[in-house]
Amino acid sequence: MKRRAFLKFSAVGGASLALGCGNDSDKHLFAPVRSGDDMVTGKPTWYASTCRECPAGCGILVKTREGRAVKIEGNPLHPLNQGRLCMRGQAALQGLYNPDRLAQPLLKEGAHHRPVSFKKALALLRERLDTAAARGKNRVRLVTETLDCALSDLFDRAVRHWRSEAALVYEPVGYQSLRAACRLLFDTDTLPDYRLEAADLIVSFGADFLETWASPVAYARRFKAAHRFEGKGKTVFIHIASHQSLTGANADQWFCCRPGTEGLVAVWLLGSLLNAGNGTAIPSTLAGVCKKICQHLNSQVVAQRTGVPRSRLEHLARTLRQARAPVILGSGGLCGRHDLDIGLEIAALLLHLLCDPRQRRIDLRHGFLPQAPTQPDALDAVFSDLSRGTADVLLMHRVNPLYALGGDNPLSRAMERSDLFVVSFSDVMDDTSRHADLVLPVSHPLASWGAYEPKVGILSLMQPALSPLDGAPHMGDVMLACAFGENKPVGSFVAHLKTFLQNRGYLSKKSDWWDALAQGGFFDRRVSGTVTKTPVVPAGSRHNAVAGMMAAVVASESERGNEKGQLTLLPGPSIRFFDGRGADKPWLCEVPDPLTQVAWQTPIRMHPVTVRRLGLSHEDQVRLETPRGSLSGPVYETEGVHPDAVVVGVGQGHRGGGRYADGQGQNPLALMPARPGGRLLSPVRVTATGLRQPLAAVDGSRVQHGRKIALHVSAKSLTAAHGAATKHPAGLGMHDFPLTLPIPEGYDPARDLYPPHDHDGYRWAMSVDLDRCIGCGACAVACYAENNVGIVGEEQVINGREMAWLRVERYLDMQDGTRHIFLPMMCQHCDNAPCESVCPVYAPHHSREGLNNQIYNRCIGTRFCSQNCPYKVRRFNWFDWARPAPMPQQLNPDVTVRSKGVMEKCSFCVQRIKAAHGKAKDENRTIGDGEVVPACVQTCPTDALTFGNLMDPQSRVRRCADDPRAYQVMGYLNTKPAVIYLKKVVQEEG
């Protein structure tokens, strides 16, 4: 045998041996013989695209390695999210690699579906569509999610070809009430863009702008730009709602009102301002009508009907009158009859105009989500017509209406008809697809072209970051083939996209296309042809409609005065699952709800008074019953809910959707009155089942028991001390132990037993500003994605075996159970690390740059390090966690996949530190401040996390350590943590 052949076969044998010795998740050998021009083996390639996990449409960058998408981050060039991303955006990869994602079309035969080829499915679909179109008008109906502009244009052409009306845009969270109010007042369908960063007072009537409302990442950044301490106080945020959402938990003051009475407070405030002479921003006739509606309202009456103390209401009105730059937001749209929701939104908009007559803090010309969903009444009518047999083919594109509508409704009755051919363009067998005649998967958004308009004047591009995993076609190519056949106007959807952009003036030269792909879209408002005139409240006939809506609010709340004590079911917003579309992503299931700290389950939130009155206790299983059905779940006792309310989170309880969604948790929408887009108040009956259901909670304790963990300080005391020199305590007790940095300057021979470490130019550290942290959990999901953290499931979470490297802890004030502090907790990378001294094999060790490294192949699983860690941030692999195919393709190749019996924990994303070292070495320089950005720091929407080198006195992280709010969690143990926290700044009422 020749020497060259021997070496070749030896290399193949060595690779085979390595594969045979690894676990299942490692058995992948990548050898891209024919790689793309933009792919270099071993180096990442980034693609700018648009997130489609909710309608907000943030700009993203997709990191690929060897043809696989392995990480998503925010696009720093995108004007909306400016490089940040929420947890749903981080988890979008798991939709791409969902093990239950359909690989081929399914055709229903009898009660079951059988696989067919894409070619056969498309031929059958085209035949059905042609036959239906030949029978007359509107024999083909199309229901779709919010579309990208180019695909919407193609849909319009296709339905015209089939002689049918325009596609119905279905969004369960469509902000219909706010849109209706804007139509009445300003003749626009877009959602107003509120400039929270310019406000000195924010008043919200339930709008959950940190979770699901309009553009949560953009609003989170703006909110904290205003609501932060800079030496002279900060913006006041007042939230008026019947339960605390994550947004409400971040408010300075929460006004807890009876369910559905938020509108009465808004109307009363409107009357108060009008009577005080603030009426110049709206027509005098409308102002007169509003005064008449409010003439019998006073603080005493409103207090009696809403349950909000009179003193607090008067304080609210006084604060609003004294504010220089207030912003008034409406409701979250998750409760109240549809007409009452509109009345609340109208009152909130008029309130804002009275306080901001020049519209400096509200933009009605360049609003969010300009593509308005179809109105609920129109959806009702079409679904009812379908149940009567008015169409032959129903196409549903990436929508799951049977989940949101629940139970018996016109659409479910229509889908039972044998003469209606139902096609679901879905890549999972969700609640709706299970009843479709043909399920035709289309390409995932991360593998698709498109142009999405999240805000007037911003056009974001979508481009494939990888080839479709299963050969599924793009929806646009399906439309071209089925509507036009051989007479297609263009050869492919990407060609249609380019033509669409050219026709609208976006592409004037060839380089425009490549420039837009590189930056992620077209972000110049001048190209979009937007409205240039500031919308104003119209005079005349609409005043009666506007006044009628607000009068209905007043009358309805008057009627509710006799119904006190009746429990009302409220579906709560979900930062994890949005409207349910995120329930099939295990990262979102595993990361606990920010408020309850419960993973995988849907707890039923009730006030302690209500729990006691019903003879229940925490974790008792109860049954909720309404006229539409029932569900069962565990009780979660909390003071963040009005005693008359029962709150159940939205997003889980699917019948279908794959192994992570099917049968997991409960769906409160199925118990609500059926109306597309409406969120009705529903009286609910609560009964005990006699069973106990342990919660998959990860919090342990809701309070700190006096320990120095999550600290706060009053804005008044900080303002008084502003400008004075920072004075840290200098004792040895819990509360007077000084801040001791993990560098030589932080050591004192009178206090320390061990000498300081010698660090080689770098001492990596992190600062966490608790005043900026909103508890959104984006950092936790980013850590899962970056570091290949295992998913353990509901049972193991209950057993206390969660694997999260970073958890966002939630602590309640012992005196006020509605006051929250959120604290991101990760490995503290201590200089005096308790884990290092107890390991018999030296698996944890201190690096020359201060990192507490964990050597996986040295660890023998004694778990001594975990027992000795006071922060409880080390995780033990009890099993080889399951990653069913194709999930292993999402693994980050720069991070080792840990196996059973190994301890693991946060590494400060050491792989990113190593990459920065390599680049700095190539350029013959040191690593600059801000050059190393761990995954958690990169994604944080509010810039609460900072990473850098403590050895650099000019670094941001070192300057944070000099802040008077700086402290170390349980620093009195003298572990010298490298994570420096800044105390939360609280504002007292009054």
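Residues numbered from 1 in each chain as written. Predicted model: local features only at pLDDT ≥ 70, side-chain atom pairs only at ≥ 80, totals over all residues. Heavy atoms only, no water.

**Student:** If you had to explain the overall build of the protein chain to someone new, which residues and values would you point to?
**Tutor:** Of the regular secondary structure elements, the protein chain holds 29 helices and 38 strands. Taking 30 Å as the expected radius of gyration for a compact globule of 990 residues, we find that the protein chain reaches 29 Å, a close match to that expectation. Based on the C-alpha atoms only, the size of the protein chain along its principal axes is roughly 80 × 80 × 65 Å. Considering the protein chain as a whole, with its 990 residues, one finds that 62% of them fall into the buried category. Summed over its atoms, the accessible surface of the protein chain is roughly 38,000 Å², and 50% of this surface lies on carbon and sulfur atoms. Side-chain charges of the protein chain comprise 116 positive and 97 negative groups, with the mean position of each set lying 1 Å from the other. (Helix = DSSP H or I, 4+ residues; strand = E, 2+ residues; numbered from the N terminus. Rg over C-alpha atoms; globule rule 2.2 N^0.38 Å. Buried < 20%, exposed > 50% of the residue type's maximum accessible area, 1.4 Å probe, protein only. Areas by Shrake-Rupley, 256 points an atom, 1.4 Å probe, with all protein chains shown as cover. Lys, Arg positive; Asp, Glu negative; His and termini not counted. Charge placed at Lys NZ, Arg CZ, Asp CG, Glu CD.)

**Student:** Before we move on, could you go through the pairing of strand 20 (residues 568-572) and cite the residues and values that matter?
**Tutor:** With five of five residues buried, strand 20 lies mostly within the body of the structure. By the bridge criterion, five bridges tie strand 20 to strand 24 (residues 645-649) in an arrangement that is parallel. Note that in strand 24 the partner of Thr568 across the bridge is Ala645. By the bridge criterion, two bridges tie strand 20 to strand 25 (residues 682-683) in an arrangement that is antiparallel. Looking at strand 25, one finds that Leu569 is bridged to Ser682. (Pairing = 2+ DSSP bridges.)

**Student:** Explain the packing of helix 5 (residues 149-161) against helix 17 (residues 475-484) to me, using residue names and the numbers behind them.
**Tutor:** When two helices pack together, their arrangement is given by the angle between the helix axes and the distance between those axes. Closest axis-to-axis distance for the helix 5/helix 17 pair is 10 Å, and the angle between their directions is 20°. Judged by the inter-axis angle, helix 5 sits roughly parallel to helix 17. Here helix 5 runs over helix 17; the crossing is left-handed. Residue-level inspection shows Leu151, Leu154, Phe155, Arg157, Ala158 and His161 of helix 5 in contact with helix 17, the latter providing Met475, Gly476, Met479, Leu480, Ala483 and Phe484. In terms of residue class, the contact of helix 5 with helix 17 is built from nine nonpolar, two polar and one charged. (Axes fitted to C-alpha atoms, helices over the stretch in contact; angles between N-to-C directions. Parallel < 35°, antiparallel > 145°, perpendicular 65-115°, else oblique. Left-handed = near helix turned anticlockwise from the far one by under 90°. Contact = heavy atoms within 4.5 Å. Nonpolar A, V, L, I, M, F, W, Y, C, P; charged D, E, K, R; others polar.)

**Student:** Outline the environment of Trp46, supporting the account with residue identities and numerical values.
**Tutor:** Checked against the element boundaries, Trp46 lands in strand 1 (residues 45-50). Here the alpha-carbon distance between Trp46 and Arg542, two residues 496 residues apart in the chain, equals 51 Å. For Trp46, the residues in contact, after removing those within four places along its chain, are Leu61, Val62, Lys63 and Glu73.

**Student:** Lay out the packing of aromatic side chains in plain terms, naming residues and giving numbers.
**Tutor:** In total, this model carries 15 aromatic pairs according to the counting rule given. The interplanar angle of 25° and the centroid separation of 6.0 Å between the aromatic rings of Tyr194 and Trp213 together place this pair among those described as stacked. Of the two residues, Tyr194 is situated in strand 8 (residues 191-194) and Trp213 in the loop between strand 9 (201-204) and helix 7 (216-226); the sequence distance between them amounts to 19 residues. Taking 5.5 Å as the distance between ring centres and 65° as the angle between the ring planes, the aromatic pair formed by Tyr219 and Phe368 counts as edge-to-face. Remark: Phe368 occurs in strand 13 (residues 362-368) and Tyr219 occurs in helix 7; sequence separation between them is 149 residues. The pair Tyr219 / Phe368 is uniform in exposure class, with both members buried. Counting every residue linked through ring pairs, the aromatic cluster contains Tyr194, Phe209, Trp213, Tyr219, Phe223, Phe237 and Phe368. Sitting over the ring of Phe368, Lys455 keeps its end group 5.8 Å from the ring centre. (Phe/Tyr/Trp six-rings, centres within 6.5 Å; stacked < 30°, edge-to-face > 60°. Lys NZ or Arg CZ within 6 Å of the ring centre and 35° of its normal.)

**Student:** Report on helix 18 (residues 493-503), specifying residues and quantitative values.
**Tutor:** Working note: α-helix, 3.6 residues per turn, so residues spaced by three or four point in the same direction. Buried within helix 18 are the following residues: Phe493, His496, Leu497, Phe500 and Leu501. The buried residues of helix 18 occupy an angular sector of 135° when the element is viewed end-on, so they sit on one face. Packed against the buried residues of helix 18 are helix 5, strand 17 (450-455), strand 18 (458-462), helix 17, helix 19 (510-519) and strand 19 (521-522). Looking at the residues trailing helix 18, positive phi occurs at Gly505, about 85°. (Arc of directions from axis to C-beta.)

**Student:** Please provide a residue-by-residue account of the sheet that holds strand 37 (residues 979-982), values included.
**Tutor:** Pairing is mixed in the open sheet, where four strands are placed in the order 35-28-37-36. This sheet does not close on itself; its edge strands, each paired only once, are strand 35 (945-949) and strand 36 (966-967). Relative to strand 37, strand 36 runs antiparallel, the two sharing two bridges. Residue pairing in the sheet places Ala966 in a bridge with Leu982 of strand 37.

**Student:** Quick rundown of the confidence of the model for the protein chain? Include the residues and the values.
**Tutor:** When pLDDT is averaged along the protein chain, the result is 88, and 91% of the positions lie at 70 or above. Here residues 6-33 scores under 50 on pLDDT; set against residues more than four positions off or in separate chains, the count is 18 contacts. (pLDDT = per-residue confidence, 0-100.)

**Student:** Before we move on, can you summarise the sheet that holds strand 22 (residues 620-626) with the specific residues and values?
**Tutor:** Through backbone hydrogen bonds, the strands of a sheet pair up, either in parallel or in antiparallel fashion. Judged by pairing direction, the sheet is mixed, and its seven strands sit side by side in the order 25-20-24-21-23-22-26 without closing on themselves. Two strands in the sheet have a free side with no partner beyond their single neighbour: strand 25 and strand 26 (685-692). Examined bridge by bridge, strand 21 (residues 604-606) and strand 23 (residues 629-637) share three bridges and lie parallel to one another. Across the sheet, the residue bridging to Met606 is Glu637, located in strand 23.

**Student:** Residue-level account of the side chain of Ser424, with values.
**Tutor:** Tracing the backbone shows Ser424 in strand 15 (residues 421-425). For Ser424, the contacting residues outside a window of four places in its chain are Met396, Ser433, Ala436, Leu438, Val439 and Leu440.

**Student:** Talk me through the nonpolar core; I want residue IDs and the actual numbers.
**Tutor:** Judged by nonpolar contacts, the single largest core of 193 residues is most densely connected at Phe205, Leu350, Met550 and Tyr981. Of the residues forming this core, the biggest block, 12 residues, is contributed by helix 13 (residues 338-355). If you look at the next biggest cluster of nonpolar residues, it comprises 50 residues, including Leu151, Ala158, Val478 and Cys482. (Core = buried A, V, L, I, M, F, W, Y, C linked by side-chain atoms within 4.5 Å.)

**Student:** Report on the side chain of Lys71, specifying residues and quantitative values.
**Tutor:** As for its placement among the helices and strands, Lys71 is situated in strand 3 (residues 68-74). Lys71 has contacts with Leu61, Val62, Lys63, Gln90, Leu93, Ala782, Ala785, Glu786, Arg912 and Ala935, leaving out every residue within four places of it along the chain.

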